[in-house]
Protein chains: 2
Amino acid sequence: MSETLSESQSEILDAAAACFMKLGVRVASVDDIARSLGSTKGRIYHHFVSKGALLGAVRLQAPKFTRQAVAPVIDGTLPPGRNFHNMALAHVAAVFRTLPYHKVVMQHYTGLEAKSASDADRAMEARIQAANASYEDLFRAVIRAGMEHGEFRRQNLSVALHSVLILLNAPVFWYSPRPGEPEDFTVQVARQLADMGLAALA
Amino acid sequence: MSETLSESQSEILDAAAACFMKLGVRVASVDDIARSLGSTKGRIYHHFVSKGALLGAVRLQAPKFTRQAVAPVIDGTLPPGRNFHNMALAHVAAVFRTLPYHKVVMQHYTGLEAKSASDADRAMEARIQAANASYEDLFRAVIRAGMEHGEFRRQNLSVALHSVLILLNAPVFWYSPRPGEPEDFTVQVARQLADMGLAALA
């Protein structure tokens, strides 16, 4: 699989993320994903060698979505507080746009032990960890800058970083789109969470 | 099952929570739980009719643990900010003490669709929802009081409540006890999270 997804690969991953989210990653099968696409398993296997490869690609894609949204708004010339607030807004908006991917990622943060893994599995796991760590580093940098700048309270940086990211990811747990919700609901939530995150650090 | 757990039931639930956490709720079996107890399946089935009943009991117990810790520290005569801070400290400390239960609960917040359920399953699910809602109401009350009092920022109460609770539950995602960690590490984290939660509201 190349680094950039083709349109066809993106469509398959969207379907896979939705199936993993709804049925759970252990239960969802390539058959389920093909059915939801209205396509053959052959089309999926043409791009992804196995269900594990699909799951890996979904988990790898999640931090890419948020990075694509956050990286362009980073502005190191701003005070860290404003910089963080812009990043947080972009992060939450991206999470809302790509919710199933993030719900799937969350299924991996709940203490499930890794099953015996092949070399390819371990290599994919390492890529996913690296993508996550590198994305988190964007926020680590701005939080560290805020502490050095005196704008943020000095506290354990790792605890602050991971706790604020979980705060910003809160909708992954409680949000599902509801018919009749105000059009700007997700925008309001993004603003509220960015405000809460900033206040939690300041 | 009566409302209060016997010592034997507590021991079984502790083992069940640990197995569900490690193996995942779908994969862990009553056999796994019996093995980890060094006991027979008969002993488990004497108290819990099925794996589903065990899982329900674990999920029901999680908010009972936090409620047992939080309810006694609530003091409505304090300013809401201090009251919230005391409750948050007690909550995080209880989460650390009963971590596997909360990791199992989290497996249910990631978009898994409920499988076809029996009447007994639905009744248990209703009890769990009621226990969670009633526990959350303790925090809802103090956050509402803080807003009315002018001590907390006025914002969407439900979003604030659920986001702050997820912030306080952050260690459920990233924490596993590590050999050689400072003895008061969890105490420090509890303090940091309570401070962050309070700041996020104020």
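Please read all numbers here as calculations on a predicted model, not as lab measurements.

Colleague: Explain the pattern of salt bridges here, please?
Modeller: Evaluation of the coordinates by the stated rule reveals 14 salt bridges over all chains. Note that Asp195 of chain A is salt-bridged to Arg153 of chain B, the shortest N-O span being 3.9 Å. Here Asp195 of chain A, found in helix α10 (residues 185-201), pairs with Arg153 of chain B, found in the loop between α7 (119-148) and α8 (157-168), and the two come from separate chains. According to the relative accessible area criterion, Asp195 of chain A is partly exposed, its value standing at 29%.

Colleague: For this particular structure, what's the right way to read the relation of the copies chain A and chain B?
Modeller: The pair of chain copies shares a relation made of a rotation about an axis and a shift along it. With an RMSD of 0.0 Å, the fit of chain A onto chain B corresponds to turning through 180 degrees and sliding 0.0 Å along the axis. Viewed as a symmetry operation, the transformation between the two copies matches a two-fold axis. The overlap is high: 100% of the interface residues of chain A also sit at the interface in chain B, so the same surface is used on both sides.

Colleague: Would you take a moment to explain the interface of chain A and chain B for this structure?
Modeller: How big an interface is tends to be stated in terms of accessible area lost as the parts join. The interface is formed by 37 residues belonging to chain A together with 37 residues belonging to chain B. For the pair chain A and chain B, the summed buried area comes to about 3,200 Å², and 66% of that belongs to carbon and sulfur atoms. Seen at the junction of chain A and chain B, the total is four residue pairs in polar contact (both at pLDDT 80 or more). When residues of the side of chain A that touches chain B are traced back to their parent elements, those giving at least two are α1 (7-23), α6 (99-106), α8 (157-168), α9 (171-174) and α10 of chain A.

Colleague: Just checking my understanding: could you explain the nonpolar core for this structure?
Modeller: Across soluble globular proteins, nonpolar side chains have a tendency to be buried as a group. Within the largest apolar cluster, 80 residues are counted, with the highest numbers of intra-cluster contacts made by Phe84 and Phe139 of chain A together with Phe84 and Phe139 of chain B. In contact with Phe139 of chain A, not counting residues within four places along its chain, are Val70, Phe84, Met87, Ala88, His91, Leu161, Leu165 and Leu168 of chain A. In terms of nonpolar packing, the next biggest core, distinct from the first, is built from 26 residues, Ala16, Ala17, Ile33 and Tyr101 of chain A among them.

Colleague: How should the UniProt feature "DNA-binding region" (unreviewed entry) in chain A be read in this particular structure?
Modeller: According to UniProt, the positions carrying the feature "DNA-binding region" (unreviewed entry) are residues 29-48 of chain A. Annotation note: span residues 29-48 of chain A, helix share 75%, strand share 0%, distance between end C-alpha atoms 13 Å.

Colleague: Explain the UniProt feature "domain: HTH tetR-type" (unreviewed entry) in chain A to me, please; I cannot follow it from the model alone.
Modeller: Listed under "domain: HTH tetR-type" (unreviewed entry) in the UniProt record, and renumbered for this structure, are residues 6-66 of chain A. Note that residues 6-66 of chain A is 79% helix and 0% strand, and that its end C-alpha atoms are spaced 19 Å apart.

About the cut-offs
- Residues numbered from 1 in each chain as written.
- Chains lettered and ligands numbered in written order.
- Predicted model: local features only at pLDDT ≥ 70, side-chain atom pairs only at ≥ 80, totals over all residues.
- Heavy atoms only, no water.
- Salt bridge = Lys/Arg side-chain N within 4 Å of Asp/Glu carboxyl O.
- Helix = DSSP H or I, 4+ residues; strand = E, 2+ residues; numbered from the N terminus.
- Buried < 20%, exposed > 50% of the residue type's maximum accessible area, 1.4 Å probe, protein only.
- Least-squares fit on C-alpha atoms with pLDDT ≥ 70 in both.
- Contact = heavy atoms within 4.5 Å.
- Buried area = accessible area lost by both parts, 1.4 Å probe.
- Polar contact = N/O pair within 3.5 Å; in protein donor to acceptor, adjacent residues only side chain to side chain.
- Core = buried A, V, L, I, M, F, W, Y, C linked by side-chain atoms within 4.5 Å.
- UniProt positions renumbered as here; feature names shortened; annotations may be inferred.

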